[in-house]
Amino acid sequence: MIKIFCLLFFFILSIACSKEGVKTSTITEKSLDLQVKEAYLDGMEALEEGDIFFAAKKFNEVEILFPQSELAPKSSLMAAYAYYSQDYYIDCISELERFLRIYKFHKNLDYAYYLLALSYYEQIADEKKDTRSILKSKEYFDFLVNNFPNTEYAIDARFKIDLINDILAAKEMYVGRYYIERKKWIPAINRFKVVINNYNTTVYVEEALHRLVEIHYILGLKEESKKYANVLGYNYQSSKWYEESFIIFNKNYKKKKLNKDKKERKSKILNKFKSLIN
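Definitions and limits used
- Residues numbered from 1 in each chain as written.
- Predicted model: local features only at pLDDT ≥ 70, side-chain atom pairs only at ≥ 80, totals over all residues.
- Heavy atoms only, no water.
- Patch = residues over 30% accessible without salt bridge, like charges linked within 9 Å, V, L, I, M, F, W, Y side chains within 5 Å.
- Areas by Shrake-Rupley, 256 points an atom, 1.4 Å probe, with all protein chains shown as cover.
- Salt bridge = Lys/Arg side-chain N within 4 Å of Asp/Glu carboxyl O.
- Helix = DSSP H or I, 4+ residues; strand = E, 2+ residues; numbered from the N terminus.
- Buried < 20%, exposed > 50% of the residue type's maximum accessible area, 1.4 Å probe, protein only.
- pLDDT = per-residue confidence, 0-100.
- Contact = heavy atoms within 4.5 Å.
- Polar contact = N/O pair within 3.5 Å; in protein donor to acceptor, adjacent residues only side chain to side chain.
- Core = buried A, V, L, I, M, F, W, Y, C linked by side-chain atoms within 4.5 Å.
- Axes fitted to C-alpha atoms, helices over the stretch in contact; angles between N-to-C directions.
- Parallel < 35°, antiparallel > 145°, perpendicular 65-115°, else oblique.
- Left-handed = near helix turned anticlockwise from the far one by under 90°.
- Nonpolar A, V, L, I, M, F, W, Y, C, P; charged D, E, K, R; others polar.

## Looking at a nonpolar patch on the surface
Side chains of Ile-186, Leu-219 and Leu-221 sit close together on the surface and give an oily, nonpolar patch of about 260 Å² of accessible area. Within the secondary structure layout, Leu-221 lies in the loop between helix 9 (205-218) and helix 10 (222-235).

In structure tokens form, the structure reads like this:
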């Protein structure tokens, strides 16, 4: 009888302990969820106040506290955006690269690539500087257009790719002109050909064609020079660069001047009008 009583006592005690264990676990889980939400809200508040470093710290806290939560990847993106909002592009890029490693299949990948491309794009200075930022931004904008073509980010990406191509073409032209000044004809030709072949929608194509006409004529390659002049004339006959190329083959040609008679007539009409209202 005593044995039965003892067994019954221990059985009841074990059930009580088990329930207490479940209760403690539930409290801990709720507390963790609350901490995650509080950290996220603190981050959002700090971001609105402009304290981006504290904001990023709180967003990172969310990932540390509960990496499996839905707020974890969102917080990672918000930390990146916090840095981007105050032009800390290196920190933003670091956060985004980590996001892309950890959350490879997240629904907001398009936004992550867009912000990454923008972070490089905003660091572009001009065509004379290092091209790493230019090339990296183009790489990510191209990726965005090819993999997420129907998103709102792809629309802006296409526009910025055109601007980047203008910058890259301008760089090729800058280097090509440098080679011309030093009479390094072959490197110059190569640069201008890059513009024609790779950036044929930019405003620099006309000048690039003219430079090829000019260089080949100097080298005595008249037929090659005429070939580029014909391409220039066919596509850009009203261009000033076509006129410059035409002069190379026609030394007696005089550049078009503003029609002075027309200008004088407009001046007389204007003076007459002024006299009437005075």
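## Some words on the pattern of salt bridges
This model, assessed by the stated rule, comprises 11 salt bridges. Of the charged contacts, one joins Glu-224 and Lys-227 as a salt bridge, the two residues approaching to 2.9 Å between their closest N and O atoms. Of the two residues, Glu-224 and Lys-227 both sit in helix 10, 3 residues apart, roughly one turn of that helix. Given the relative accessible area of 40%, Lys-227 is considered partly exposed. Among the ionic contacts, a cluster of salt bridges with common partners joins Arg-177, Glu-207, Arg-211 and Glu-214.

## Quick word on the confidence of the model for the chain
Averaged over the chain, the pLDDT score is 83; the fraction of residues at 70 or greater is 78%. In the model, residues 3-13 has pLDDT below 50 throughout and makes 0 contacts with residues more than four positions away in sequence or in other chains. Between residues 15-28, whose pLDDT stays under 50, and residues either more than four places distant or in other chains, the model counts 0 contacts.

## Regarding the side chain of Glu-63
As for its placement among the helices and strands, Glu-63 is situated in helix 2 (residues 52-65). Owing to a relative accessible area of 9%, Glu-63 belongs among the buried residues under this scheme. Within the local environment of Glu-63, its side chain forms a polar contact with the side chain of Arg-98, the two groups lying 2.7 Å apart.

## A look at unusual backbone geometry
Phi is positive for Asp-87, which is not a glycine, with a value near 70°. Judged by relative accessible area, Asp-87 falls into the exposed class, the value being 51%.

## Structural notes on the nonpolar core
Counting 70 residues, the largest nonpolar core has Leu-96, Phe-141 and Phe-192 as the members making the most contacts within it. In this view, Leu-96 contacts Leu-77, Ala-80, Ala-112, Leu-115, Leu-116 and Ser-119; residues no more than four positions away in its chain are not counted.

## A short note on the packing of helix 8 (residues 185-198) against helix 9
It is the contact of helix 8 with helix 9, at a shortest axis distance of 9 Å, that shows an interaxial angle of 150°. With respect to helix 9, the axis of helix 8 lies roughly antiparallel. Two packed elements cross with a definite hand, and for helix 8 against helix 9 that hand is left-handed. In this structure, helix 8 contributes Trp-185, Ala-188, Ile-189, Phe-192, Lys-193, Val-195 and Ile-196 to the contact, and helix 9 contributes Val-205, Ala-208, Leu-209, Arg-211, Leu-212, Ile-215, His-216 and Ile-218. Among the residues making up the contact of helix 8 with helix 9, the classes are represented as 12 nonpolar, 1 polar and 2 charged.

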